[in-house]
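Architecture at a glance
Letter by letter, the chains look like this.
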Amino acid sequence: SVLVPARQPFGKSPVQTLFTDPDRAVDADPLAPVVPASSATILGKVTRRATERVVAAFLRPCEVRAFIELTKLGQASREGALLIGVDCAGRVETTDYVRKYSDISKIDTSVLQGVHDGTIEVVDACASCLTPVAENVDLRLQVIGLDWSRELRLEALTAAGEEALDQLELTTVVEANLERDNAIARIFERHSEHREKTL
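Below: a short report on this structure. Positions within a chain are numbered from 1, following the residues in the order the chain's sequence is written. In view of the model being predicted, local features appear only for residues whose pLDDT reaches at least 70, and side-chain atom pairs are presented and counted only at 80 or more, with totals across whole chains, interfaces and linings using the full set of residues. Working from all heavy atoms in the structure, the side-chain values ignore hydrogens and water.

This part covers the overall build of the protein. Counting from the N terminus, the helices are the DSSP runs of H or I reaching at least four residues and the strands are the DSSP runs of E reaching at least two. On a plain count of helices and strands, the protein comes out with seven helices and six strands. Starting at the N terminus and walking to the C terminus, you meet the elements of the protein as β-β-α-β-α-β-α-α-α-β-β-α-α. The C-alpha radius of gyration of the protein comes to 17 Å, within 12% of the 16 Å expected for a compact globule of 199 residues. By its C-alpha atoms, the protein is 45 × 40 × 35 Å across when sized along the principal axes. Throughout this description, buried means an accessible area under 20% of the type-specific maximum (1.4 Å probe, protein chains only), exposed means over 50%, and partly exposed covers the range between. Residues classed as buried in the protein amount to 42% of the 199 residues present. Pairs at least 24 residues apart make up 66% of the contacts formed inside the protein by residues separated by at least 6 positions. Where accessible areas are quoted, they stem from the Shrake-Rupley method and a 1.4 Å probe; at the residue level, only the protein chains shown are allowed to cover. Of the roughly 11,500 Å² of accessible surface on the protein, 51% is carried by carbon and sulfur atoms. Charge counting follows a simple rule: Lys and Arg are positive, Asp and Glu are negative, and His as well as the terminal groups are ignored. All charge positions are set by atom: Lys at NZ, Arg at CZ, Asp at CG, Glu at CD. The positive charge centre, built from 23 side chains, and the negative charge centre, built from 31, are 6 Å apart in the protein. As a reference, a globule follows 2.2 Å times the number of residues to the power 0.38, and the radius of gyration itself is taken over C-alpha atoms. In this description, contact between two residues means that some pair of their heavy atoms is separated by no more than 4.5 Å.

Below you can see the structure in the form of structure tokens.
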């Protein structure tokens, strides 16, 4: 099964959805810059009890950190969870997203681009976040510094991540990406400045 934000027929904001049928996941939108609820909390509830099923979960860096804390408190389990960290430059307030940017007829990356280049305002906590790239995950969905119309990259960081890529018959490509490094540095610098002003 897969836990991922997905667009719903009854609303204009993607919400975390647990899919067990790949044919039903056509409206999945793991890159949507809006989060109506914490994926960490939902994943904690899904993994709290032992099961033979594996849940692949798309999480932002802050949600990964929250999920790890829940495992320390016994409110979640790392067993049976395949963590997919999604690059994140911040999220838009849900009400702003629905009012200004949502269009349920398509998945549009222009809002995501505005979040990444700083032309669309994100919530204060995100504007001060210094960790746009997820750590402690099995797979990392690389978005920052890439041309989304041409490619996304899925990087394996653990044996479980490599096994998942093998099952999906995807090859692992390891190469330096200077544009990605520069884009991460620009986000870090912009967020550091906001953090200093806020403090």
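Moving on from the coordinates now.
Attention now moves to the nonpolar core. As used here, the term nonpolar core means buried Ala, Val, Leu, Ile, Met, Phe, Trp, Tyr and Cys residues forming a set that is joined through side-chain atoms within 4.5 Å. Counting residues in hydrophobic clusters, the biggest one holds 18 residues, and the most contacted among them are L31, F58, I84, L139, L141 and V143. Residue assignment for this core shows that the elements contributing at least two residues are β1 (2-6), β3 (55-59), β4 (81-86), β5 (139-142) and α6 (159-167). Residue contributions to this core peak at three residues, all from β4. Of all hydrophobic cores here, the second largest spans 16 residues; its members include A32, V111, C126 and A127.

It is worth spelling out the environment of I187 at this point. Tracing the sequence through the fold places I187 in helix α7 (residues 178-198). A relative accessible area of 2% means that I187 is categorised as buried. In sequence terms I187 and P132 are 55 residues apart; their C-alpha atoms lie 7.7 Å from each other. Dropping the residues within four chain positions of it, I187 is found in contact with A89, H116, P132 and I144.

Right, let's get into the packing of helix α1 (residues 39-47) against helix α2 (residues 61-72). Here, axes are lines fitted to C-alpha atoms. For helices the fit covers the stretch in contact, and angles between N-to-C directions go from 0 to 180 degrees. Direction vectors running N to C along α1 and α2 enclose 40°, while the axes themselves pass 8 Å from each other. Read as a crossing pair, α1 and α2 show a hand that is right-handed. Contact residues: α1 offers S39, A40, T41, L43, G44 and T47, while α2 offers E63, A66, F67 and L70. Note on convention: near helix rotated counterclockwise from far helix by under a right angle means a left-handed crossing. Clockwise means right-handed.

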